[in-house]
Amino acid sequence: MPCSSVDTLRGAAITCKNELEKINEGNLEMVSLQLREAMTSGGPSGKVLGMDWSKRPGISETPCVVDDYSDPLVLDSGSFVIVHGAGSFGHFQASKSGVHKGGLNQPFVKAGFVATRISVTSLNLEIVRALAREGIPSIGMSPFSCGWSTCERNIASADVSMVAKAIDSGFVPVLHGDAVLDSSLDCTILSGDVIIRHLAAEVKPEFVVFLTDVSGVYDRPPTEPNALLLREIAVREDGSWSVVKPALQDMNTQVEMTVAAHDTTGGMLTKVTEAAMIAKLGIDVYIVEAATSHSLIALSGQLKDKMPEDWVGTIIRFVQ
């Protein structure tokens, strides 16, 4: 089960987070295009064989099915795994009903569990379809349906056998944050970031890319004046981490993180913590703004040897 990259699409990067269940179509289209470019082998020549042959809601045109299969674009698709967050899908339903707190014996929580899964799986389908239109053989995989479960919000069971079979068969598994059963709480939310850490340990990719709605990790919320982009973070054996670039004047500076009121998955703090745990495995983690030239560089694996001075993003690496 060789895998070169696990890529995560943060919900805020592919949805309009302040508008309920609205996809950022432009970003999703560009991310899909960049993923296809990153998977292209043997040069850019060849035709894109679109794989979404179904009608889309609200669009009357008959889906375009390519009849000429000669000279197709060759993709190295069997070495990628994609995990996406929920953004404006799922978080509202989970937060409103308290699914993340558990208690399936309460009718409102059970209803919220169903509503959350309807929302996140509908987003998963749209992402799979966007990737398929770019000729990426993507397969949606829900953690709940694959038998993933937790105990006190920590992964208790996570069967990756179907993910492995999909990779070996040349497909690109597309997983997502999901509502799952919890042996202690009855139910909870399993975030995409926790899924990524588990997958990274299992499939051992060369690198992991977090595609976000900001340029990387900052020393404070990026909307605040004088917010500083942290370009490189070093992770030590005990899981602690420190900023390498830029050199901070106050080495004890507290790096502030924010969590949106409706975010049931922990916000950026959880993401950095999970990224540090991935880096501890010896796997480089790149956090970069989606749909930019910098994200294409990260997805293409061009940061493995050296970070270009003009590259904008955050690299998290393990140091002895």
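This write-up is about the structure you can find in this document. (Residues numbered from 1 in each chain as written. Predicted model: local features only at pLDDT ≥ 70, side-chain atom pairs only at ≥ 80, totals over all residues. Heavy atoms only, no water.)

1. As for the packing of helix α2 (residues 25-39) against helix α4 (residues 107-133)
Packed helices, taken two at a time, are described by the angle between their axes plus the distance between the axes.
Step number 1: Where α2 meets α4, the axes come as close as 9 Å, and the angle between the chain directions of the two elements is 50 degrees. The angle between α2 and α4 places the two elements in the oblique class. Remark: the crossing between α2 and α4 carries right-handed chirality. Facing L28, S32 and L35 of α2, the residues of α4 in contact are E126, I127, A130 and L131.
Step number 2: The residue makeup of the contact of α2 with α4, split by class, is five nonpolar, one polar and one charged. (Axes fitted to C-alpha atoms, helices over the stretch in contact; angles between N-to-C directions. Helix = DSSP H or I, 4+ residues; strand = E, 2+ residues; numbered from the N terminus. Parallel < 35°, antiparallel > 145°, perpendicular 65-115°, else oblique. Left-handed = near helix turned anticlockwise from the far one by under 90°. Contact = heavy atoms within 4.5 Å. Nonpolar A, V, L, I, M, F, W, Y, C, P; charged D, E, K, R; others polar.)

2. What to know about the pattern of salt bridges
Oppositely charged side chains can pair when the atoms bearing their charge come close.
Step number 1: Enumeration over the complete set of coordinates arrives at 11 salt bridges.
Step number 2: Across the pair D52 and R129 runs a salt bridge, and its minimum N-O distance is 2.8 Å. You can see D52 sitting in the loop between α2 and β2 (80-84) and its partner R129 sitting in helix α4, a full 77 residues away along the chain. Comparing D52 with R129 shows no difference in burial state: the two are buried.
Step number 3: K304 is the partner of E206 in a salt bridge, and the nearest nitrogen-oxygen pair spans 2.8 Å. In this pair, E206 is assigned in the loop between α6 (192-203) and β9 (207-212) and K304 in the loop between α8 (293-299) and β15 (314-318), connecting sequence segments 98 residues apart.
Step number 4: If you follow the salt bridges from partner to partner, you end up with D52, R129 and R133 in one network. (Salt bridge = Lys/Arg side-chain N within 4 Å of Asp/Glu carboxyl O. Buried < 20%, exposed > 50% of the residue type's maximum accessible area, 1.4 Å probe, protein only.)

3. Focus: the environment of G135
Step number 1: As for its placement among the helices and strands, G135 is situated in the loop between α4 and β3 (138-140).
Step number 2: Its relative accessible area of 9% is what places G135 among the buried residues.
Step number 3: For G135 and L49, which are 86 residues apart along the polypeptide, the C-alpha to C-alpha distance reads 4.9 Å.
Step number 4: If sequence neighbours within four positions are ignored, G135 has contacts with V48, L49, G50, M51 and L75.

4. As for unusual backbone geometry
Step number 1: Put simply, K245 and P246 share a cis peptide bond, and its omega is -10 degrees.
Step number 2: Looking at the secondary structure, you find P246 in the loop between β13 (241-245) and α7 (267-279).
Step number 3: For R153, which is not a glycine, the phi torsion comes out positive at approximately 75 degrees.
Step number 4: The topology assignment puts R153 in the loop between β4 (149-151) and β5 (154-157).
Step number 5: For R153, a relative accessible area of 44% puts it in the partly exposed group.
Step number 6: With a phi angle near 65 degrees, N226 is a residue other than glycine that sits in the positive phi range.
Step number 7: Mapped onto the fold, N226 is located in the loop between β10 (217-218) and β11 (229-230).

5. Some thoughts on the sheet that holds β9
Step number 1: Spatial strand order, β3-β6-β2-β1-β9-β14-β15-β12-β13: nine strands in an open sheet with mixed pairing. A strand with exactly one partner marks an edge of an open sheet, and here the two such strands are β3 and β13. Adjacent strand axes in the sheet meet at a mean angle of 20 degrees when their direction is disregarded.
Step number 2: Bridge analysis of strand β12 (residues 232-235) against β13 gives four bridges, and the strand direction is antiparallel. In the strand pairing of β13, V235 is matched with W241.
Step number 3: Those strands touched by α6 are β1 (5-9), β2, β6 (172-176) and β9, and its axis lies near 160 degrees from that of β2. (Pairing = 2+ DSSP bridges.)

6. Brief notes about the environment of V163
Step number 1: Examined against the element boundaries, V163 turns out to sit in helix α5 (residues 161-168).
Step number 2: For the pair V163 and P173, spaced 10 residues apart in the sequence, the C-alpha separation amounts to 6.2 Å.
Step number 3: Look past the residues within four positions of V163 in its chain and what remains in contact with it is M141, P173, L175 and L199.

7. Regarding α2
Step number 1: With 15 residues, α2 should cover 21 Å at 1.5 Å per step; its first-to-last C-alpha distance of 21 Å lies within 8% of that length.
Step number 2: Among all positions of α2, only L28, V31, S32, Q34, L35, R36, A38 and M39 are buried. (Expected span 1.5 Å × (residues − 1).)

8. Some points on the pairing of β5
Step number 1: Examined bridge by bridge, β4 and β5 share three bridges and lie antiparallel to one another. Counted as the bridge partner of S149 is S157 from β5.
Step number 2: The antiparallel hairpin formed by β4 and β5 contains two residues in its connecting segment, where E152 sits at a positive phi of about 55 degrees.

9. A short note on the packing of aromatic side chains
Step number 1: One pass over the structure, following the stated rule, counts two aromatic pairs.
Step number 2: Centroid distance F113 to F144: 5.7 Å. Interplanar angle 70 degrees. Geometry classified as edge-to-face. Remark: F144 occurs in the loop between β3 and β4 and F113 occurs in helix α4; sequence separation between them is 31 residues.
Step number 3: For F113, a relative accessible area of 9% corresponds to the buried category.
Step number 4: Under the relative-accessibility criterion, F144 is labelled partly exposed at 31%. (Phe/Tyr/Trp six-rings, centres within 6.5 Å; stacked < 30°, edge-to-face > 60°.)

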